[in-house]
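One-letter residues, chain by chain:
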There are 2 protein chains.
Amino acid sequence: MRLTAYFMPTLKETPAEAQIVSHRLMLRAGMIRQASAGIYSWLPLGFRVLKRIEQIVREEQDRAGSLEMLMPTIQSADLWKKSGRYDDYGKEMLRILDRHDREMLYGPTNEELITDIFRDGARSYRDVPKMMYHIQWKFRDEVRPRFGVMRGREFLMKDGYSFDLDYAGAKRSYNKMFVSYLRTFARMGLKAIPMAAETGPIGGDLSHEFIILASTGESAVYCDRRFLDFDVLDRDLDYESDLEPIVAEWTKLYAATDDKHDPAKCPVPPGELLEARGIEVGHIFYFGTKYSAPLGAVVTTPDGEQIPVHSGSYGIGVSRLVGAIIEASHDDAGIIWPDPVAPYHVGLINLKVDDANCTRICDDVYGKLKAAGIDVLYDDRDERPGAKFADMDLIGLPWQLIIGPRGLAAGKVELKRRATGERHELSLDSALSKLIG
Amino acid sequence: MRLTAYFMPTLKETPAEAQIVSHRLMLRAGMIRQASAGIYSWLPLGFRVLKRIEQIVREEQDRAGSLEMLMPTIQSADLWKKSGRYDDYGKEMLRILDRHDREMLYGPTNEELITDIFRDGARSYRDVPKMMYHIQWKFRDEVRPRFGVMRGREFLMKDGYSFDLDYAGAKRSYNKMFVSYLRTFARMGLKAIPMAAETGPIGGDLSHEFIILASTGESAVYCDRRFLDFDVLDRDLDYESDLEPIVAEWTKLYAATDDKHDPAKCPVPPGELLEARGIEVGHIFYFGTKYSAPLGAVVTTPDGEQIPVHSGSYGIGVSRLVGAIIEASHDDAGIIWPDPVAPYHVGLINLKVDDANCTRICDDVYGKLKAAGIDVLYDDRDERPGAKFADMDLIGLPWQLIIGPRGLAAGKVELKRRATGERHELSLDSALSKLIG
């Protein structure tokens, strides 16, 4: 993409309303604009990151055997009255009267609706186990929305649901999601640590939060240092195998959020305890028959008995992750995207667009990188080099390829790795083969 | 995908509430379920079709040079008051009070918001031309929602917007969208005919509807028969070239919807007039400075003057297209998906799952097709052949590969093309090479 044809309105000043670094950087990088309090438009650059994250979540859900579908944003209040949550939810739920004065709401989550869909379509034990998910916008009418997309009112979430015959089956589904979450966050370049959690308004008996570590994180967390050495899980993991050993390995070490941590009772010696700050990016629950019983989602067992199914729900904050990744990966100059979620892989900087030879070579390089399937953002604007360097550092693409007349005269271009700041002067061919690989 | 692991609750009976064929078939095929009046959940099979259509729309928008971004579903009423449309829209607009009693709404379209985003990010003539689009859920609170996804309340739409310095520039953008729409619908296997249209509540001076022909279409249309022989536009079309000749070719022939057609004035001789029924699937508008002027979306000209930009908007009904394609392509047995939008390419039918040899061969074929990158839905259920045939015809995948013990004993399998009903008995290897190509 040529920057002259793009829409990336970067800001030099730090917007006064942004209290945390991810919010500041997303506004400054032209990734988002506030539409109203806690509600954002995703400009082209931000949208690309959102889609990258969404796609990783999707691939790992599919791999774990969950079926993608899509529920609407607007729901009828009826099912929520049956489950008893219509009154529980309070003012965070955006309630709406339609033109016929029917009570509707903008879904903050979907346990009721998916349970009703399963009830309608499933009959017997042969219809379980089943996992389904969707990636859809949700709304929570926060009193004081803040922190940008980290705590917006309209936010994109992957929420998945499992249906099983009994606890043993439900635990197998829970384990699949537990393991797929570890893979999902690792693929984004994040270290996510599962921590036993309260179940809150979703309800249920078993629950884990997935917390990523970031020095600017929203809350204090305490965990065993050995978590840092845990390996990323294999891509070819068989989700139909027994996953309990993996789950056991990841849950046997101490890990607690601030509200659960008690220094007096902590079993980890101080030298081995990691005190850090964290951001919640996923949350999984097992809640048994909490929704299936009142909503009548029953199946027939092999013995002919009718029983309500055992369920769990599994959330990942997709739009929140955009902010969370920035909180975990930035420096004073701007964002540092992990390669798998970067909006473009290479930023190509033409230092002097009015130099015909330099521009001819840059155009040629741009064509070659695109032809090789590399996502390139090409700064072909008529701007000072300083402004181009600052913008490219700010938006945080993994690689910068810097081409100017002086270097070309010496047969050199410059390749910079954003994460480390390392710069190498090398021939154009070497730079291209390094990027194309 | 194995049908035993899928969630595709087909129905034998025709649901009483469905008045039109696409609605009936989508419910019967387990593609959608109604969540509340005019609001649908997309089950896995329907979701796949929706995504296929969305992806074709996206690719053709990108090819035409429009930038993808995403605006929120919930908007503040403020901008709509500035443009004057807050009062114009009436009860079709879903109006919401948030917890602080601020007036919000569920966006039925996005001219105001995108104009405000452009205003905030653009400064000068160098920032135009610019086209941006998003694919987002919209809401229109219809009095009597009906016809399934063809006229739902919550619906998925691609809406794009162009920003130019003057009418000449805006007409170039309009032409790009005009041509990209022809390509978009042709890629879905549809014949879409552009018809001059009223501009309605969007406003403006120049507008075309894109209507596809379907015997069960919602309205009568009249057009020159020669449209039927028009060629699909080339994939490598240069959108920066002069597109006026293409647009002129497609607009010089007579084409009119029922409300505009006057038999007394129609210039086409009766023998050359095609009287058909049609479904609107796209609509494009040029409206000049209608939104840029009140919302202050101005840019500086090369002469230093500040002028409001000239804009157009361009819509495609993405969820509506799912229904429209079915209206245009079905028979008594069910849906007939055009290949490019089919949820799966091949339906593999195992006629006897309790025959070990038959199942071993079916499993093997399933693995080979998947390994070759073919999307396969594998009916591995323990069901009668008749039920399997009926379901496979109903869901309308382009190819059916039917394998049973009797055929295998003779070294044969059966390959059926859904659209024509042609069946061929051939060797397994021949069938595989025909499908894998």
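Up top is the structure these notes are about.
The notes below deal with the structure included here. (Residues numbered from 1 in each chain as written. Chains lettered and ligands numbered in written order. Predicted model: local features only at pLDDT ≥ 70, side-chain atom pairs only at ≥ 80, totals over all residues. Heavy atoms only, no water.)

1. Points about the sheet that holds strand 23 (residues 423-426) of chain B
Residues and elements named next belong to chain B.
Here's step 1: Strand order across the open sheet formed by 5 strands is 20-19-21-22-23, with mixed pairing between neighbours. In this open sheet, the two strands that pair with only one neighbour each are strand 20 (376-379) and strand 23. When strand polarity is set aside, the average angle formed by the axes of neighbouring strands in this sheet is 20°.
Here's step 2: Two strands pair when backbone bridges link them, and strand 21 (residues 399-403) and strand 22 (residues 413-417) are joined in this way by 4 bridges, in the antiparallel orientation. Considered in strand 22, the bridge of glutamine 400 is made with lysine 416.
Here's step 3: Of the strands in this sheet, strand 19 (346-350), strand 20 and strand 21 are in contact with helix 10 (residues 356-371), which crosses strand 19 at around 165°. (Pairing = 2+ DSSP bridges. Helix = DSSP H or I, 4+ residues; strand = E, 2+ residues; numbered from the N terminus. Axes fitted to C-alpha atoms, helices over the stretch in contact; angles between N-to-C directions. Contact = heavy atoms within 4.5 Å.)

2. Let's talk about the sheet that holds strand 21 (residues 399-403) of chain A
Residue and element names in this part refer to chain A.
Here's step 1: Taken together, 5 strands build an open sheet; the order of strands is 20-19-21-22-23 and the sheet is mixed. Across the chains shown, the open sheet's two edge strands, defined by having one partner strand only, are strand 20 (376-379) and strand 23 (423-426). Between one strand and the next, the sheet's axes are offset by a mean angle of 20°, whatever the strand orientation.
Here's step 2: Inspection of the sheet shows strand 19 (residues 346-350) paired to strand 21 by 5 bridges, in the parallel sense. Of the residues in strand 21, the one forming a bridge with asparagine 350 is isoleucine 403.
Here's step 3: Here helix 11 (residues 385-395) sits on the sheet in contact with strand 19, strand 20, strand 21 and strand 22 (413-417), set at roughly 175° to strand 19.

3. A closer look at the interface of chain B and chain A
Here's step 1: Opposite the 58 residues of chain B that make contact, chain A presents 58 residues.
Here's step 2: Summing both partners gives a buried area of about 4,500 Å² for chain B against chain A, and 62% of it is carried by carbon and sulfur.
Here's step 3: Scanning the region where chain B abuts chain A turns up 4 salt bridges.
Here's step 4: For the salt bridge of aspartate 98 of chain B with arginine 153 of chain A, the shortest nitrogen-to-oxygen distance reads 2.9 Å. (Buried area = accessible area lost by both parts, 1.4 Å probe. Salt bridge = Lys/Arg side-chain N within 4 Å of Asp/Glu carboxyl O.)

4. Some details on the packing of aromatic side chains
The description of an aromatic ring pair uses the distance of the two centres, along with the angle that the planes make with each other.
Here's step 1: Tallied over the full model, the rule gives 33 aromatic pairs over all chains.
Here's step 2: Residues tyrosine 106 of chain A and tyrosine 106 of chain B carry aromatic rings whose centres are separated by 5.8 Å and whose planes lie at 25° to one another, so their mutual orientation is stacked. Of the two residues, tyrosine 106 of chain A is situated in strand 6 (residues 103-106) and tyrosine 106 of chain B in strand 6 (residues 103-106); the pairing between them involves two chains. One exposure class covers both tyrosine 106 of chain A and tyrosine 106 of chain B, and it is buried.
Here's step 3: Residues phenylalanine 227 of chain A and tryptophan 250 of chain A carry aromatic rings whose centres are separated by 6.0 Å and whose planes lie at 40° to one another, so their mutual orientation is tilted. Of this pair, phenylalanine 227 of chain A sits in the loop between strand 11 (219-224) and helix 7 (244-252) while tryptophan 250 of chain A is found in helix 7, placing the two residues 23 residues apart along the sequence. (Phe/Tyr/Trp six-rings, centres within 6.5 Å; stacked < 30°, edge-to-face > 60°. Buried < 20%, exposed > 50% of the residue type's maximum accessible area, 1.4 Å probe, protein only.)

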